[in-house]
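# A closer look at the structure
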Amino acid sequence: MSDTPLLANLWHSVRDAGDYVADLRHPTIRLGVTGLARSGKTVFITSLIHNLLHGGRLPFFDAMAEGRINRVYLEPQPNDEIPRFDYDRHLDELSGTPPVWPSNTERIRQLRVTIEFESNTVLRKALGQDRLHLDIIDYPGEWLLDLPLLNMSFEEWSAQAFSMSAMPERLSLAADWRAMVMALDPLAPQSEKNAEKLAQLFRSYLLSCRDDAHALSMLPPGRFLMPGELAGSPALTFSPLQLPGNGRAPKNSLWQMMARRFESYKTHVVKPFFKEHFTKLDRQIVLVDTLSALNAGPGALNDLENTLTAILQCYRPGQNSWLSGLLGKRIDRILFAATKADHLHQSSHERLRHVLKTLTERASERADLAGARVEVMAIASIRSTSETHITQGGETLPLIKGIPLKGETLGDRVFDGVEEIAIFPGDLPENPDKTLLEGRASPENGEEDIRFIRFRPPRLETGFDGTPMALPHIHLDHVLNFLLVDYLE
Ligand SMILES: Nc1nc2c(ncn2[C@@H]2O[C@H](COP(=O)(O)OP(=O)(O)OP(=O)(O)O)[C@@H](O)[C@H]2O)c(=O)[nH]1
Ligand SMILES: [Mg+2]
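Residues numbered from 1 in each chain as written. Chains lettered and ligands numbered in written order. Predicted model: local features only at pLDDT ≥ 70, side-chain atom pairs only at ≥ 80, totals over all residues. Heavy atoms only, no water.

What follows deals with the site of ligand 1. Neighbouring ligand 1 are 19 residues, the closest being Lys41, Thr42, Val43, Thr105 and Asp342. Separating an oxygen atom of ligand 1 from a backbone N or O atom of arginine 38 is a distance of 3.0 Å. About the coverage of ligand 1: the protein hides 96% of its 650 Å² of free accessible area. (Near = heavy atom within 4 Å. Polar contact = N/O pair within 3.5 Å; in protein donor to acceptor, adjacent residues only side chain to side chain. Areas by Shrake-Rupley, 256 points an atom, 1.4 Å probe, with all protein chains shown as cover.)

The predicted model of the chain averages 86 in pLDDT, with 88% of residues at 70 or higher. The spread of mean pLDDT over the elements of the chain runs between helix α1 (residues 5–15), the lowest at 46, and helix α18 (residues 476–484), the highest at 98. For residues 6–21, every residue scores under 50 in pLDDT, and the model assigns this stretch 18 contacts once sequence neighbours within four places are set aside. Every residue in residues 439–448 is under pLDDT 50, and counting partners more than four places away or in other chains gives 23 contacts. (pLDDT = per-residue confidence, 0-100. Helix = DSSP H or I, 4+ residues; strand = E, 2+ residues; numbered from the N terminus. Contact = heavy atoms within 4.5 Å.)

By definition, the strands of a sheet pair up through backbone hydrogen bonds, in either a parallel or an antiparallel sense. The sheet built from seven strands is open, its strands ordered β2-β3-β4-β1-β5-β6-β7 with mixed pairing. The open sheet has two edge strands, β2 (69–75) and β7 (373–378), and neither has a second partner. The sheet shows a mean angle of 20° between the axes of neighbouring strands, taken without regard to direction. Sheet topology note: the strand β1 (residues 28–35)/strand β5 (residues 283–288) ladder contains five bridges and is parallel. (Pairing = 2+ DSSP bridges. Axes fitted to C-alpha atoms, helices over the stretch in contact; angles between N-to-C directions.)

Bringing the coordination of the magnesium ion (ligand 2) into the picture now. Donor atoms from the polypeptide that bind the magnesium ion (ligand 2) are Thr42 (OG1) and Thr105 (OG1), placed at 2.0 to 2.1 Å. Remark: threonine 105 occurs in the loop between α5 (87–94) and β3 (109–117) and threonine 42 occurs in helix α3 (residues 41–53); sequence separation between them is 63 residues. (Donors = N, O, S within 2.8 Å, 3.2 Å for Na, K, Ca; no water.)

Core analysis: the biggest nonpolar cluster contains 86 residues, and Phe278 and Tyr315 have the highest contact counts within it. Top element by residues in this core is helix α12 (residues 254–276). It accounts for 11 residues. Residue assignment places this core across two domains, with domain 1 (21–144 + 280–382 + 474–488) and domain 2 (153–271) each supplying three or more. Of all hydrophobic cores here, the second largest spans 37 residues; its members include Ile45, Val72, Met377 and Leu480. (Core = buried A, V, L, I, M, F, W, Y, C linked by side-chain atoms within 4.5 Å. Buried < 20%, exposed > 50% of the residue type's maximum accessible area, 1.4 Å probe, protein only. Domains from an automatic or database assignment.)

With that settled, the discussion passes to empty space enclosed by the protein. If you roll a probe as big as a water molecule over the atoms, it shows you where there is empty space left. Taken as a whole and judged by the stated rule, the model has three cavities of 30 Å³ or more. If you add up the space inside the largest cavity, you get close to 70 Å³. Looking at the largest cavity, the residues that line it are Trp157, Gln160, Ala161, Met164, Arg170, Phe202, Tyr205, Leu206, Met218, Leu219 and Pro220. Residue assignment for the lining of the largest cavity shows that the elements contributing at least two residues are α7 (154–165) and α10 (192–210). Take the lining of the largest cavity: its biggest share by element is four residues, from α7. A per-class count over the lining of the largest cavity returns nine nonpolar, one polar and one charged. (1 Å grid on protein atoms, 1.4 Å probe; cavity = no way out; pocket = protein on both sides within 12 Å on 5 of 7 lines; lining within 4 Å. Points joined across faces, edges and corners; volume = space filled by probe spheres on them. Nonpolar A, V, L, I, M, F, W, Y, C, P; charged D, E, K, R; others polar.)

Let us now look at helix α9 (residues 175–183). Inspection of α9 places Trp177, Arg178, Met180 and Val181 among the buried residues, and these make up the whole buried set. Buried residues of α9, seen end-on, are gathered within an arc of 165° and therefore sit on one face of the element. The exposed set on the far side of α9, more than 90 degrees from its buried face, consists of Asp176 and Ala183. Elements in contact with the buried residues of α9: α7, α8 (168–171) and α10. (Arc of directions from axis to C-beta.)

Turning our attention to the packing of aromatic side chains. On inspection of all chains with the given rule, the structure shows 19 aromatic pairs. Note on phenylalanine 154 and tryptophan 157: the rings are 6.2 Å apart at their centroids and 45° apart in plane angle, and the pair reads as tilted. Taken together, the positions of phenylalanine 154 and tryptophan 157, both in helix α7 and three residues apart, correspond to about one turn of that helix. According to the relative accessible area criterion, tryptophan 157 is buried, its value standing at 1%. Both rings, one in tryptophan 157 and one in phenylalanine 262, keep their centres 4.9 Å apart while their planes meet at 15°; by these two values the pair is stacked. Taken together, the residues tryptophan 157 in helix α7 and phenylalanine 262 in helix α12 connect sequence positions 105 residues apart. By the burial criterion, tryptophan 157 is buried, and phenylalanine 262 matches it. Taken together, the aromatic side chains of Phe154, Trp157, Phe162, Trp177, Phe202, Tyr205, Phe224, Phe238, Trp255, Phe262 and Tyr265 make up a single cluster linked through ring pairs. (Phe/Tyr/Trp six-rings, centres within 6.5 Å; stacked < 30°, edge-to-face > 60°.)

Here the largest pocket is characterised by a volume of approximately 1,000 Å³. Secondary structure elements with two or more residues in the lining of the largest pocket: α3, α10, β5, α13 (290–296) and α14 (298–313). By residue class, the composition of the lining of the largest pocket is 23 nonpolar, 14 polar and 11 charged. In terms of domain composition, the lining of the largest pocket takes at least three residues from each of domain 1 (21–144 + 280–382 + 474–488) and domain 2 (153–271).

Here it is in structure tokens:
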């Protein structure tokens, strides 16, 4: 299959013969937006759309910079079975008084944006191509981490989950769940009560791993953390167990009950997601809260690298025979973006990118990713800080300025959500390999920890005529260019 989108679109058109003419004139790109919980998916999509709709500052988005974008608007999405991405609600939250960050979203969502443009290629002009449908599909990154489960038996998965729970950064968090597993006889008759209790303890352990203080990310099964519409269903009421003795369990034992549910999770939850959604994506952006992992220490960074490897493996055809059988085409561009770069001064943005680049390079080597173009950027979907500096003893110190969220603390200080402050956010070390090994900056070398304070989103400005000004951002234009440039030539 060709790598060029024009030919790729021809191919899709031939497949869906009914839409042949329409598709050629108005191609569609399906962009997957993913990332673990709180990585910044909702804020990213909202700001991206707002910037497109309201002509934001996007100097490095070629089609926009060349004045070839005529109109951008939202249209009804093509897939009725996927809930709509609630752009209006999220924008309302961001434009409130005071503005607040959007609420959590735990499900797959979709939104269609149509871009009317003037092509600068003879072929596209001849085809009358003047419109691109951009279908954005927002889904939890946790769900991608379930792919390896398809190649595992319940016994293998149990053994892996048990050994992971014994890692130093996890052991104390897993203590209650491990204690119950060890106290139970898995060969005893099945019991819904025990299944529920075990599943609940297992889920609490995974949730506490995800807390800011630990910031661990490799926590399958994905729906335990992001259940979507499946919360409370039997397909999610299971937990790894330890199989004693000869590895055989009687038919109606607790072990068999859990093994059955593990298999139905794979059949009814994991496979349909990959089959119905994942295999239909053309391009992908993976948002990574790299700063939170840096803040939490070496265990979290290590874990993040494993997570990125697992995510990248989903894009590797041939890695999973079940999946590669379904992949009619291949995702040809993947962008990894370190989000929330506005927590750092711009002098550290390149270093933040470098940290994520090092992590993804190591992960891509392990995933042996053939074919797809992978890019790494540091971005802020919504810039909540501005930059300033102070001069102290002849030395200039870069600062960031913003309004910390109510309840945020710095030392003994508790912020009220109104007062603006300027702080030195800390530098990221120049050498990311060292950072990755040690987890954080080393004060003995004069490096400081990052001061990670959450800031309030900025007030949405309006122009003289009351029209909203686009949301401030860092590098969203680079993101758009990487993902769309060849579709808009
Ligand atoms: N300063 C800053 N904070 C951000 C930015 N993007 C996200 N955040 C913060 O990160 C939080 C999570 O962002 P969301 O966009 O809701 O993350 P998500 O990936 O959709 O999270 P789930 O819906 O829980 O999966 C927000 O509430 C903000 O506090 C950004 O560009 N700048
Ligand atoms: Mg969300």
